[in-house]
Amino acid sequence: MSKRYLWLLGLLTLVGIGLLVACTTTYRAASDGLIVVGSQGSNVLETFSIDLGSGHTFAVSNSPNDTSGQTCLIPGQPTFMVVDPAGQYAYAIIQATLNCPKANTTGIASFKLNSDGTIGAMSSITVDPNPVGLTMDASGKYLFVAEGTQLTATNQPLLVDAYAINNGAITALTPTFNFNNGLGFGVPNIVAVAATPSLFPQINAVCATTTGVTNPTTQFLYAADKQNNVVWEFGVDMTSGALKNPGNFTGVQFYAAGAQPNGVAVDGCNRFVYVANEISNNVSEYTICNGGSTSPTTCTNTDGSLLPVSGSPQALAGSATYPGPMLSDPYGNTLYVLETGANTVSTFKISPVSGKLTVGNPATVATGLGPTSMAIRSDDSYLFVANFQAATVSEYAITPSTGSLTPETAIDTDNYPYGVAVK
């Protein structure tokens, strides 16, 4: 071969090596992300690796091809889930089902995430009466679970359960709050919960500084009540994680929302609360009275009480309908709202001063059919949506400066994916 072509051969060899590296099917814990999906077709948890540079994904554990003809790989149906900040465990709601032998226990279970991206054995299920949604404290020490319309043995609403977690172990915490239902209210239907951060992001967030941040000294939990069109406020004991009365109140408090609240989120800088109203097709906006820099002068206490933002609620854009699950990006700049009736995700920019939402660009992006849940990476790089009826997970690259979403190739999953989480 002529020497003048040797450089070209060398270049092609390097390009080939680069492509092999870029398309590797080996999960690299130090550089890749890991997506965890709970699918109800085979009742299984799946994992997928994501190359954070290219966005390329591949199945690591329990791929759709492996599980397409199987059922009941775990004893129950996985629904919503979270991954702890260290990326060591996934925690999932497991629902009892008549379709699986021995799937007669409803509660919360943990799954070890191995260093190769595979999923370890499921823990025993910690019995929980009626878990319909969950969230994790920013420190990774506590789980908070929405209990739907569950009643206690004395016919009192259970509302929300709290659990301490330690290396995959889950321990129920005894609450100390007092509950008095609102005048004329029905039995609360708590469908979603969100806690204020106990830790602030150390970089990139609007609450970060060059000298670091001072983490909050109080914590509150907000719960969307679909029955009574309100959001409830609880205090959180920052030492134990147990739920208590907020501030100096003698009981939990409630604040008016729109028609049938179906999602709630707190921004990452502990300033604002947002509630998705399913029937009124809008988002209620609130400022938290917690002594922070954005607390209005009308806040007389630092008890976590909520004041409506001027101009609230914010209407959805275009044809978006039935807003439900929602989340703030890790740095407190953008709010994402999943519209289950329109198969879309809406993007809103958060005003760092007032908390007022403005419609992003693009205002909405399409999901697959039947979206149920969302997850976002802690570095604000990718967002994922589980599409129950499409057997896919939608993947979007995030532009952090604007919060805009760019659709990537959807990930094929086992049938009926319900929950999604990411590390």
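Quantities reported herein were computed from a predicted structural model and do not represent experimental measurements. (Residues numbered from 1 in each chain as written. Predicted model: local features only at pLDDT ≥ 70, side-chain atom pairs only at ≥ 80, totals over all residues. Heavy atoms only, no water.)

Peer 1: How would you sum up the overall build of the chain? Please name residues and give values.
Peer 2: Counting secondary structure elements, the chain contains two helices and 32 strands. A compact globule built from 423 residues would reach a C-alpha radius of gyration of about 22 Å, and the chain, at 22 Å, matches this within 12%. Principal axes of the C-alpha set define a box for the chain whose edges measure 90 × 50 × 40 Å. Taking contacts inside the chain between residues at least 6 apart in sequence as the whole, the part at least 24 apart equals 52%. Roughly 17700 Å² of accessible area belongs to the chain as shown, and the carbon and sulfur atoms make up 53% of that amount. (Helix = DSSP H or I, 4+ residues; strand = E, 2+ residues; numbered from the N terminus. Rg over C-alpha atoms; globule rule 2.2 N^0.38 Å. Contact = heavy atoms within 4.5 Å. Areas by Shrake-Rupley, 256 points an atom, 1.4 Å probe, with all protein chains shown as cover.)

Peer 1: Can you tell me about the sheet that holds strand E11 (residues 160-166), naming the residues and giving the values?
Peer 2: The antiparallel open sheet is built from four strands, whose spatial order is E9-E10-E11-E12. Edge strands, defined here as strands with exactly one partner in the open sheet, are strand E9 (133-136) and strand E12 (169-172). Between one strand axis and the next, the sheet turns through 30 degrees on average, direction left out of account. In terms of strand pairing, strand E10 (residues 142-146) meets E11 through five bridges, oriented antiparallel. Directly across from Tyr142, in E11, lies its bridge partner Ala164. (Pairing = 2+ DSSP bridges. Axes fitted to C-alpha atoms, helices over the stretch in contact; angles between N-to-C directions.)

Peer 1: A description of the packing of aromatic side chains should follow, citing residues and the corresponding values.
Peer 2: Counting across every chain of the model gives 11 aromatic pairs. Measuring from centroid to centroid gives 6.3 Å for Tyr89 and Tyr91, while their planes differ by 45 degrees, and the two rings are tilted. Measuring from centroid to centroid gives 6.4 Å for Phe272 and Tyr274, while their planes differ by 50 degrees, and the two rings are tilted. For Phe272, a relative accessible area of 0% puts it in the buried group. Taking the ring centre of Tyr89 as reference, the NZ or CZ of Lys112 above it sits at 5.5 Å. (Phe/Tyr/Trp six-rings, centres within 6.5 Å; stacked < 30°, edge-to-face > 60°. Buried < 20%, exposed > 50% of the residue type's maximum accessible area, 1.4 Å probe, protein only. Lys NZ or Arg CZ within 6 Å of the ring centre and 35° of its normal.)

Peer 1: Please provide a residue-by-residue account of the layout of surface pockets, values included.
Peer 2: One number sums up the size of the second largest pocket: a volume of about 300 Å³. As for the second largest pocket, its lining consists of 17 residues, and the residues nearest its centre are Phe200, Asn270, Asn290, Gly292 and Ser293. Split into classes, the residues belonging to the lining of the second largest pocket amount to five nonpolar, 11 polar and one charged. (1 Å grid on protein atoms, 1.4 Å probe; cavity = no way out; pocket = protein on both sides within 12 Å on 5 of 7 lines; lining within 4 Å. Points joined across faces, edges and corners; volume = space filled by probe spheres on them. Nonpolar A, V, L, I, M, F, W, Y, C, P; charged D, E, K, R; others polar.)

So, to be careful, I would describe these as geometric facts and stop short of saying anything about function.
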